[in-house]
Every structure is written in C-alpha cells, then in structure tokens.
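Analysis of the macromolecular model
Each chain, written out:
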Amino acid sequence: MAILDILTYPDDRLREHAEEIEDFSDPALQCLIDDLLETMASLPACVGVAAPQTGRSLRLLVMDCGNGRKPPAHHHGQLVVINPDILHWSGTDIGREGCLSLPDYTGNVVRAQTVRVTFQDRQGVAQTLELTGYEARVMQHEIDHLDGRLFTDRIVSRKTDLFQRKNRL
Amino acid sequence: MVARTTQVLFETGCNIADSSMTRLGGEFTVMLILQLPPALTPTALSQRFQPLAEHMELHIQVQPLSAGDRPTATQNNTLQSATLSLLGADQPGIVYRVTQFLADQHCNIVDLYTRVLGSAHQPIYSMVIEVEAPAHIDLQQQLQPGLTQLETLLHVEIHLRLADSALM
C-alpha cells in the first residue's frame, strides 16, 4: 500500500476522459484501490479520491463521507466505485466544495440532491445505490473527475461562488 | 478600457497579481495589485498612464504597497471564512445594520458585493459578504441568532455558509 501523489490544476491529466475498467482480477487494479483508500485516509477531511487525480486514467473512485469534519447522519461508509453511471437524479442543491486538485479554492456548486448510481465494486459485482444530500454531492464531484471535469467548470459566478481558502492544505 | 489599461501594463513590464474590475452604475472601476519591474517606480508608472487617463477621462491612483500589505498565501490557520448572502426588499440601513452586527461579532469583511435586482417598482436588494473570523469560534452558533433577528427586523432572508468544505 502507498499514499499516492495528487495531481493539481493545471495538470492536463486532470482533463482526460478516463477509461472503463474490464479486468477486475488484475492485481495492479486491486493494489491501486488499496492505495486510493490509504491516500484518502491519510488526508484530513478527505471524503473522496478519483483515480485520475493520481494520474491513473481509470473510471475508479473511492469515497467515505464519514471522513468529513461534519459527517452526515446517514451515509454508506466507505465505497469503492468502478465504472459508475448515474441512472437518475432529482432536485438541486447548492453546496460548498473543495478539491484536492484545486487546493487554494472552494466553490459553491449546484448538484442534484438525490442520485441513483449503478457501478461495479472491487470484485466487479454490479451495485446500485441511491445517495442523497452530501453523499450524492461527493459522488457527482468524483464522477466529474472521471470525465475530466473540475468543480470550477460548474461555477456560475466567480464573484459570488469561488473563494480562496484561508487555510492552505 | 480594460484592454487599453492592461496594454500599458504589458508594455511597461508590470505583472498583474490580484485584480478586481466591475461596473457600478455607469462607472467602471479597476483595482489591481501589480508587480513592477525593478527599473519602474510607481511615479513613473503613473506618468505612463497620463495620456490614457486624459484621453479616456480616467481617474488613476498608484499607491506603493509593502510586502506585508498583501495577504497572499492563505496559510493562516487561525482564520476561517464564511459567506453570508442576503436577499430582500430594498430599504435604508441594510448594509449598515448587517456589517455593524458582523463587526460586533469580530468578523472581518474581506469582500462585499451588492446589487439591486428586480424592477424599478419592486427593487430587490441582494448582498453577498465574505467574512473572516478567528478559527476557534463556532460561527454558525455565534452568528445565527443575530442573523435571525436581522431577518425579522429588515424583512430579508439571510443565509450563512461556512467555508469549511471537505476535500474530494
């Protein structure tokens, strides 16, 4: 296991569309999943890391809302999410997001309040989950990374929605 | 105006660090923090702007800053930030009452933005304030009761968002 380096903007690799994962028996994949989990756990208040943030252009992310400073009352704990697809979304909500790959900024981003997501777990087994609130936000943020998007792409107004961090990470 | 101004800066070798440019009413305002090349003094820069200022009727002020004047790298772990947004019918005293309350609570305003929206008959006042406060204060707990009182007093909606976002 290893703690991986996080790419930061403007690294071009953050803008790539990540590849689907097909071979779940590949030891390198299982090792990468463990590394992503360890990386997430090593960073204070980190609730998610996507593989492209570490320079691996794969449709893989890990998340755990329990790692946040104020965890939501209900969440699914640690998730390993591979080849995700959002099947359904409803409602909208504005919330503040911070990103490991944009360490100097936070921003107000509009996201769906509830999403139903299908994905494969680390064994390749298909899963479907309905996520709401903050957990739904994290999932959407991480899936954006798989599509080469950063939260700043969704900022409506730089003046009212983008903020410089007071506490550098 | 922006192109002509920044052309002078480009030609004199100035580097634009932070900037804020906006139109207020019929006036356009520009504030810039500049890094000057060693050979260029603030006075000389001011003189370089004279022809443009006369041609476009601009008021230009150049003021030297010491290194300590610029709060750069946001490496201060003793501060937290929050955003306060207000929306409601326009009336006298909104800015004063809200900012006085924030000052009383030891919150430092680092950015304030107001716009009058809606129609001339039914103006809606919109204000967004970014504040800094000591990190040890529970801002939500400290500010919310007073903000709720202000909502009632001013007939406006006020939302407080803490900037303490998790990382993804």
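The notes below deal with the structure included here. In this text the structure is predicted, and so the values were computed from the model without any measurement.

The next point concerns the overall build of chain A. For chain A, the helix and strand inventory stands at 3 helices and 6 strands. Starting at the N terminus and ending at the C terminus, chain A contains elements arranged as α-β-β-β-β-β-α-α-β. A burial count over chain A gives 49% of its 169 residues as buried. Restricting the contact set of chain A to residue pairs at least 6 apart, pairs at least 24 apart contribute 66%. Within the structure as shown, chain A displays about 7800 Å² of accessible surface, and the carbon and sulfur contribution to it stands at 48%.

This brings us to the packing of helix α1 (residues 2-11) of chain B against helix α2 (residues 42-56) of chain B. Residue and element names in this part refer to chain B. Look at α1 against α2: their axes get within 11 Å of each other, and the N-to-C directions meet at 160°. Comparing the axis directions of α1 and α2 gives the class roughly antiparallel. As for how α1 packs across α2, the hand of that crossing is right-handed. Listed contacts from α2 to Arg4, Thr5, Val8, Leu9 and Glu11 of α1 are Leu45, Arg48, Phe49, Leu52, His55 and Met56. When the residues that make up the contact of α1 with α2 are grouped by side-chain class, the tally is 6 nonpolar, 2 polar and 3 charged.

This part covers the sheet that holds strand β5 (residues 123-134) of chain B. All names here are of chain B. An order of β4-β5-β3-β6 is seen for the 4 strands of this open sheet, with the pairing classed as antiparallel. The open sheet is flanked by β4 (108-118) and β6 (156-162), the only strands paired with a single partner. The sheet shows a mean angle of 15° between the axes of neighbouring strands, taken without regard to direction. Note that strand β3 (residues 79-89) and β5 share 11 bridges and pair antiparallel. Residue pairing in the sheet places serine 85 in a bridge with valine 128 of β5. Of the strands in this sheet, β3, β4, β5 and β6 are in contact with helix α3 (residues 94-104), which crosses β5 at around 15°. Helix α4 (residues 139-154) contacts β3, β5 and β6 of the sheet and is inclined by roughly 165° relative to β6.

Cut-offs used in this document
For every chain, the first residue of the written sequence is number 1, and numbering continues from 1 along that sequence. Chain labels run from A onward and ligand labels from 1 onward, assigned in the order the entries are written. Reporting of local features is limited, given that this is a predicted model, to residues whose pLDDT is at least 70; pairs of side-chain atoms are given and counted only at 80 or more, and all residues count toward the totals for whole chains, interfaces and linings. Note that the side-chain values use all heavy atoms of the structure and ignore hydrogens as well as water. In this text, helices come from DSSP runs of H or I with a minimum length of four residues, and strands from runs of E with a minimum of two, each type numbered from the N-terminal end. Exposure categories follow from relative accessible area, calculated using a 1.4 Å probe and restricted to protein chains: below 20% of the type maximum is buried, above 50% is exposed, and the middle band is partly exposed. In what follows, residue pairs with any heavy atoms lying within 4.5 Å of each other are defined as contacts. Values of accessible area rely on a 1.4 Å probe in the Shrake-Rupley scheme; residue burial ignores everything except the protein chains shown. Axes, fitted as lines to C-alpha atoms, cover a helix only where it is in contact. Angles between the N-to-C directions of the axes lie from 0 to 180 degrees. Just so you know how the angles are binned, under 35 degrees is roughly parallel, over 145 roughly antiparallel, 65 to 115 roughly perpendicular, and the rest oblique. What makes a crossing left-handed is the near helix being turned counterclockwise from the far one by less than a right angle; a clockwise turn instead makes it right-handed. Gly falls in the polar group here, along with every residue not listed as nonpolar (Ala, Val, Leu, Ile, Met, Phe, Trp, Tyr, Cys, Pro) or charged (Asp, Glu, Lys, Arg). Two strands are counted as paired when DSSP detects at least two bridges linking them.

Geometric values such as these leave the question of function open.
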